[in-house]
Amino acid sequence: MSDIINTGHAGLWGLINDKNSGIDLPKPFEHDIFLLHTHIAGTSYIEDIMELEPFINAGDRLEMFREPDNEYDELAIVVKNADGIKLGYIPRAQNAVLARLMDAGKLLFCRVSGKELVNERWLKISIKIYMRD
């Protein structure tokens, strides 16, 4: 071991691990697992949903948060845009397994797959839900 020479830099590994290098590489084996396709429930109760509509586009990432103190559903999962604005909820009929995954510490998020104005009152936002593993 005494014949190893320290050159003063860590080579490629040092560059990859350097927080100041600007390189953001994914962790080994990290990927997103598709779970299900659904829609956001309750958008008709969001006061300014029509003002938000032009800013909701296919491919947008939306964040999901547990809301265990929700008075209507203890398994509630709220969906928010990148600015933290509430868009609605995961439908109650589909949130049980997702809520349990989130409660176990799994990171879930969704992406907008489409949107449609139904009956000029309901903005139907279709989403695909993923789990980061």
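Up top is the structure these notes are about.
Everything quoted here is computed from the prediction, not taken from an experiment.

Caption draft 1: Fine view of the overall build of the protein chain. Counting its regular elements, the protein chain contains three helices and six strands. Counted from the first residue to the last, the protein chain has its helices and strands arranged as α-β-α-β-β-β-α-β-β. Once local pairs closer than 6 in sequence are excluded, the contacts in the protein chain between residues at least 24 apart make up 57%. A total accessible area of about 9,400 Å² is found for the protein chain, and carbon and sulfur atoms account for 53% of it.

Caption draft 2: How the structure looks around the nonpolar core. Among the nonpolar cores identified, the biggest contains 24 residues, and Leu 62, Met 64, Ile 90, Ile 127 and Ile 129 are the most heavily contacted of them. Considering each element in turn, this core owes the most residues, five residues, to strand E6 (residues 122-132). Once residues lying within four places of it in the same chain are set aside, the contact partners of Ile 129 are Ile 33, Phe 34, Leu 35, Leu 36, Thr 38, Met 64, Ile 90, Leu 98, Leu 108, Phe 109 and Cys 110.

Caption draft 3: Examining the environment of Tyr 45 more closely. With respect to the helices and strands, Tyr 45 occurs in the loop between strand E1 (32-39) and helix H2 (49-52). For the pair formed by Tyr 45 and Trp 122, sequence separation is 77 residues and the distance between their alpha carbons is 9.0 Å.

Caption draft 4: Just the sheet that holds strand E5 (residues 107-118), in detail. Reading across from one edge, E1-E6-E5-E2-E3-E4 is the order of the six strands in this open sheet, with antiparallel pairing throughout. Of all the strands in the sheet, just E1 and strand E4 (86-89) have a single pairing partner and so form its edges. For this sheet the average axis-to-axis angle between neighbouring strands, irrespective of direction, equals 35°. In this sheet, E6 lies alongside E1 in antiparallel orientation, the contact comprising seven bridges. Directly across from His 37, in E6, lies its bridge partner Lys 128.

Caption draft 5: Seen up close, the pattern of salt bridges. Counted by the stated rule, this structure contains five salt bridges. In this structure, the salt-bridge partner of Arg 92 is Asp 73, at a minimum N-O distance of 4.0 Å. Within this pair, whereas Arg 92 is found in the loop between E4 and helix H3 (96-103), its partner Asp 73 is found in the loop between strand E2 (61-66) and strand E3 (77-80), the two being separated by 19 residues in sequence.

Caption draft 6: Examining the packing of aromatic side chains more closely. Using the criterion set out here, one finds two aromatic pairs in the structure. Arranged with centres 5.7 Å apart and planes meeting at 65°, the rings of Phe 34 and Tyr 130 form a pair that is edge-to-face. Pair noted here: Phe 34 is in strand E1 and Tyr 130 is in strand E6, with a separation of 96 residues, a long-range link. Here a set of aromatic residues connected by ring pairs shows up, and it is made of Phe 34, Phe 109 and Tyr 130. One Lys or Arg, Arg 61, reaches over the ring of Phe 109 and ends 3.9 Å from the middle of that ring.

About the thresholds
Residues numbered from 1 in each chain as written. Predicted model: local features only at pLDDT ≥ 70, side-chain atom pairs only at ≥ 80, totals over all residues. Heavy atoms only, no water. Helix = DSSP H or I, 4+ residues; strand = E, 2+ residues; numbered from the N terminus. Contact = heavy atoms within 4.5 Å. Areas by Shrake-Rupley, 256 points an atom, 1.4 Å probe, with all protein chains shown as cover. Core = buried A, V, L, I, M, F, W, Y, C linked by side-chain atoms within 4.5 Å. Buried < 20%, exposed > 50% of the residue type's maximum accessible area, 1.4 Å probe, protein only. Pairing = 2+ DSSP bridges. Axes fitted to C-alpha atoms, helices over the stretch in contact; angles between N-to-C directions. Salt bridge = Lys/Arg side-chain N within 4 Å of Asp/Glu carboxyl O. Phe/Tyr/Trp six-rings, centres within 6.5 Å; stacked < 30°, edge-to-face > 60°. Lys NZ or Arg CZ within 6 Å of the ring centre and 35° of its normal.

Everything listed is a geometric property; what it means functionally is a separate question.
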